[in-house]
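Analysis of the macromolecular model
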Amino acid sequence: MIDRRLISNFDWGMFIAALVLSLIGVSTIYSATRPVFDAEQQSFYIRQLYWIGLSVIFFLAVISVDYRQIVRHSFLIYIFGIILLVLVMFIGRKGMGAQRWIPLGFLSFQPSEFFKLFFILAMSRYLAAMGENLGLGMLKISKIAAVFFVLPALLIATQPDLGTALILLFIFVSMLFIAGIRRRLLVIAVIIGIISLPFVGNVFWGGLKGYQKNRIVAFMDPKVDPQGVGYHIKQSKVTIGSGGFTGKGYMKGTQGPLRFLPEKHTDFIFAIFAEEWGFVGSLILFLFYLFIILRGFDTAKKARDLEGAYLAAGITFMFTFYFLINAGMTMGMTPVVGAPLPLMSYGGTALLSNFLSLALIENVRMRRLPNPFN
C-alpha cells in the first residue's frame, strides 16, 4: 500500500499535463488521418487510445515502487537493454529502411526507445556513487564513456537510428555536466573540437547513409530538390504557415488529409496541429511542454539524494531534447532526424516510454524530503 504522504506529494499538474498532451495527440492523429472522400477512417487514433490506457497503468505501477529500488537494479536493467539492442541486429523487423523493432506476434516494439531510460538509470547510479562535485577529467570521462555510452550508441547508430543515437549523446554529455567537469578540460575540448572539426566532419559524413546525407542537404537548401528530399521540410513549413495566427479550426486542415505532408501523424504531427490551431494554439501547446520540463528540473533540485537528482535531471534533459529537435525540424530549423514529438506523435513504444519517464520523475518527486516549513 502507498504511504499517504507519498500521495500528498503526487504532482497532479504534471500528470494532467501529460494526459492532456496525449489526448491532443489523439485528436490531431484523428484529424490528420481522416479520409477526404468516401473511405473508412484509419484506426491509428483508436490504437493510440489503447496505448494511452496501457501507459497510465504502467505509470501507476512504476510510481508504486520506490525509485531507489529500481536504481539499485539499474546495472542489470542496462545489460538487459544491451541484449535487446543486439537481438535487433539478428531478429529485428525491417521497415522504412531501418531495422529497429523486435516482433512479438501481434505487435512489435522498439528497444532503443526504452534503452534511453535504462541508460539514464545506470548513469544515475554510477555518478551518484562517485559523490558530489566530481570535477571529472579526461580519464574518468573516457572510462564512463567506454563502460556506458560507446557500445549502445554504435548499436543504435547501425540500425540505423541517428536521431536516437544523438539523443543518447546529448543525455550523456548533459549528465556529465551536472556531475561536474573540470573547467580546464572544457577549454581544451572546445579548442580541440574547433581544430578537428573538418576531419571529424569528413568521418561523420562518410559514415552516413545516403538518405541521411540527403536530409542534411535538404536542411541546408530545401530548393536543391523540392520534389524529393526537400519536400518534407517545405511542406511542413507550408502547413505551419497556413495556420496563421489563430488557425483554420479543428478538422479544417488540408495538408494531412490530402496527403501533402508525409509522416503527418508521427514525426510531423506538430505541423498538423499548428495548421488547425495557429500561432496561439501552438504557443499554448508549448507552454504545456515547458510546464513539464520545469517540473522535471524542479524535481531534480528537490530530490532527497543524488540518485534521484541525476535520474530526474537526465530524464528531463531527454524530454527537452526530443521536444526541441522535433519542433525544430518541423519548422525547418534543424535537420530531419526522425524524432517523435513526446506524448503526441503516433507510436505505442514511444508513448509508453514517455509515460515511464514521467513516472520516474513523479516517483522521485513523491519521495522527496519533507518541506521543513510544513
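Let me sum up the structure you'll find in this document. Keep in mind that what you see is a predicted model, and the values were worked out from it rather than measured. Counting from 1, residues in each chain are numbered in the order their sequence is written. Predicted model: local features are reported for residues with pLDDT of at least 70 only, side-chain atom pairs are reported and counted for 80 or more only, and whole-chain, interface and lining totals are derived from all residues. Derived side-chain values reflect all non-hydrogen atoms in the structure, with water molecules and hydrogen atoms excluded from consideration.

**Details of helix α11 (residues 231-242)**
In this text, helices come from DSSP runs of H or I with a minimum length of four residues, and strands from runs of E with a minimum of two, each type numbered from the N-terminal end. To estimate the expected span of a helix, count its residues, drop one, and scale the result by 1.5 Å. Taking 1.5 Å of rise per residue, 12 residues should cover 16 Å, and α11 covers 16 Å from first to last C-alpha, within 8% of that figure. Remark: exposure states derive from per-residue accessible area (1.4 Å probe, protein chains only) relative to the maximum for the residue type, with buried under 20%, exposed over 50%, and partly exposed in between. For α11, the set of buried residues is Ile233, Gln235, Ser236, Thr239 and Ile240. Backbone geometry just after α11 places Gly244 at a positive phi near 60°.

**Some thoughts on the side chain of Arg367**
Mapped onto the elements of the fold, Arg367 is located in the segment after α14 (348-366). In this analysis, two residues are considered to be in contact whenever any of their non-hydrogen atoms come within 4.5 Å of each other. In contact with Arg367, not counting residues within four places along its chain, are Leu6, Ile63, Ser64, Val65, Asp66, Tyr67 and Arg304.

**What about the sheet that holds strand β1 (residues 93-95)?**
Strands are labelled as partners when DSSP assigns at least two bridges between them. A sheet is described by the order of its strands in space; here 3 strands give the open sequence β1-β2-β3, paired in antiparallel fashion. Of all strands in the sheet, those bounded by a partner on one side alone are β1 and β3 (107-109). Along the sheet, successive strands turn relative to each other by an average axial angle of 50°, direction set aside. Here strand β2 (residues 98-104) runs beside β3; their pairing, made up of 3 bridges, is antiparallel. Note on β3: the bridge partner recorded for Leu104 is Leu107. For every element, the axis is a line fit to its C-alpha atoms; helices are fit only across the contacting stretch, and the angle between N-to-C directions ranges from 0 to 180 degrees. The strands touched by helix α5 (residues 74-91) within the sheet are β1, β2 and β3, with β2 carrying the most contacts at an inclination of about 95°.

**Thoughts on the packing of aromatic side chains**
Stacked, tilted and edge-to-face are the three classes assigned to paired rings of Phe, Tyr and Trp, where Trp is represented by its six-membered ring and a pair needs centres within 6.5 Å; plane angles under 30 degrees give stacked, over 60 edge-to-face, the rest tilted. For the structure on display, the rule yields 26 aromatic pairs. Ring geometry for Tyr78 and Phe148: centres 5.6 Å apart, planes at 75°, overall edge-to-face. Placement of the pair is Tyr78 in helix α5 and Phe148 in helix α7 (residues 138-157), with a sequence separation of 70 residues. For Tyr78, a relative accessible area of 8% translates into the label buried. On the basis of an interplanar angle of 20° and a centroid distance of 6.1 Å, the ring pair of Phe317 and Phe321 is categorised as stacked. One end of the pair, Phe317, and the other, Phe321, are both in helix α13 (residues 306-330), 4 residues apart, so they sit about a helical turn from each other. One aromatic cluster is present, built from ring pairs that chain together Phe75, Tyr78, Phe115, Phe119, Tyr126, Phe148, Phe149 and Phe172. Cation placement over rings: the criterion is NZ of Lys or CZ of Arg within 6 Å of the ring centroid and within 35° of the ring normal. Just above the ring of Tyr67 sits the side chain of Arg68; from NZ or CZ to the centre is 5.8 Å.

**As for a nonpolar patch on the surface**
On the surface, a nonpolar cluster with roughly 770 Å² of combined accessible area is contributed by Leu76, Ile79, Ile83, Val86, Leu87, Met89, Phe90 and Ile91. We classify Ile83 as partly exposed; its relative accessible area is 46%. Patch definition: residues above 30% relative accessible area lacking any salt bridge, with like charges linked at up to 9 Å and the nonpolar side chains Val, Leu, Ile, Met, Phe, Trp and Tyr linked at up to 5 Å. The Shrake-Rupley method, run with a 1.4 Å probe, gives the accessible areas here. Residue values count only the displayed protein chains as cover. Here a salt bridge means any side-chain nitrogen of Lys or Arg lying within 4 Å of a carboxyl oxygen belonging to Asp or Glu.

**Here's the deal with the side chain of Thr33**
With respect to the element layout, Thr33 can be found in the loop between α2 (12-32) and α3 (44-63). Residue Thr33 is classed as buried on the basis of its relative accessible area, which comes to 1%. Sequence-distant contacts of Thr33, that is, excluding residues within four places in its chain, are made with Gln41, Gln42, Phe44 and His265.

**Topic: the pattern of salt bridges**
Scanning all chains against the criterion turns up 9 salt bridges. Residues Arg365 and Asp11 are paired through a salt bridge, measuring 3.5 Å at the closest nitrogen-oxygen approach. Within this pair, whereas Arg365 is found in helix α14, its partner Asp11 is found in the loop between α1 (4-8) and α2, the two being separated by 354 residues in sequence. Between Arg68 and Asp66 there is a salt bridge; the shortest N-O distance is 2.6 Å. We classify Arg68 as partly exposed; its relative accessible area is 26%. For Asp66, a relative accessible area of 19% gives the class buried.

**Side note on the pairing of β2**
Most of β2 sits out of view: 5 of its 7 residues are buried. Where β2 folds back onto β3 in an antiparallel hairpin, the turn is made up of 2 residues, including Gly105, whose phi is positive at roughly 80°.

**Brief notes about empty space enclosed by the protein**
Only protein atoms enter the 1 Å grid used here. Points where a 1.4 Å probe fits but cannot escape make up a cavity, open sets with protein on both sides within 12 Å along at least five of seven lines make up a pocket, and a residue lines them when an atom lies within 4 Å of a point. Grid points are joined across faces, edges and corners, and a volume is the space filled by probe spheres set on the points. Following the criterion strictly, the structure yields 2 cavities of 30 Å³ or more and no others. Lining of the largest cavity is provided by Glu113, Lys116, Ile315, Met318, Phe319, Tyr322, Pro340, Pro342, Ala350, Ser353, Asn354 and Ser357. Here the second largest cavity is characterised by a volume of approximately 30 Å³. Residue lining of the second largest cavity: Pro340, Leu341, Leu343, Met344, Ser345, Gly347, Ala350, Leu351 and Asn354, and that is the complete set. Each residue is assigned to one of three groups, with Ala, Val, Leu, Ile, Met, Phe, Trp, Tyr, Cys and Pro labelled nonpolar, Asp, Glu, Lys and Arg labelled charged, and all others, Gly among them, labelled polar. Along the lines of polarity and charge, the residues of the lining of the second largest cavity split into 6 nonpolar, 3 polar and no charged.

**Some words on the packing of α11 against helix α12 (residues 269-302)**
Following both chains from N to C, one finds α11 and α12 inclined at 25°, their axes separated by 6 Å at the closest point. Judged by the inter-axis angle, α11 sits roughly parallel to α12. Here Ser236, Thr239, Ile240 and Ser242 of α11 come into contact with α12, specifically with Phe270, Ala271, Ile272, Ala274 and Glu275. By the definition adopted for this analysis, an angle is roughly parallel if under 35 degrees, roughly antiparallel if over 145, roughly perpendicular if from 65 to 115, and oblique otherwise.

**Regarding α13**
For α13, with 25 residues, the first-to-last C-alpha span of 36 Å sits near the 36 Å given by 1.5 Å per residue. Counted residue by residue, α13 has 21 buried out of 25 residues, so it is predominantly covered.

**Describing the packing of helix α6 (residues 111-130) against α14**
Interaxial distance between α6 and α14 falls to 8 Å at its minimum, and their mutual angle equals 20°. It follows that α6 is roughly parallel to α14 by the angle criterion. Across the interface between the two elements, Glu113, Phe114, Leu117 and Leu121 of α6 pack against Thr349, Ala350, Leu352, Ser353, Leu356, Ser357 and Leu360 of α14. Looking at the contact of α6 with α14 residue by residue, the classes come out as 7 nonpolar, 3 polar and 1 charged.

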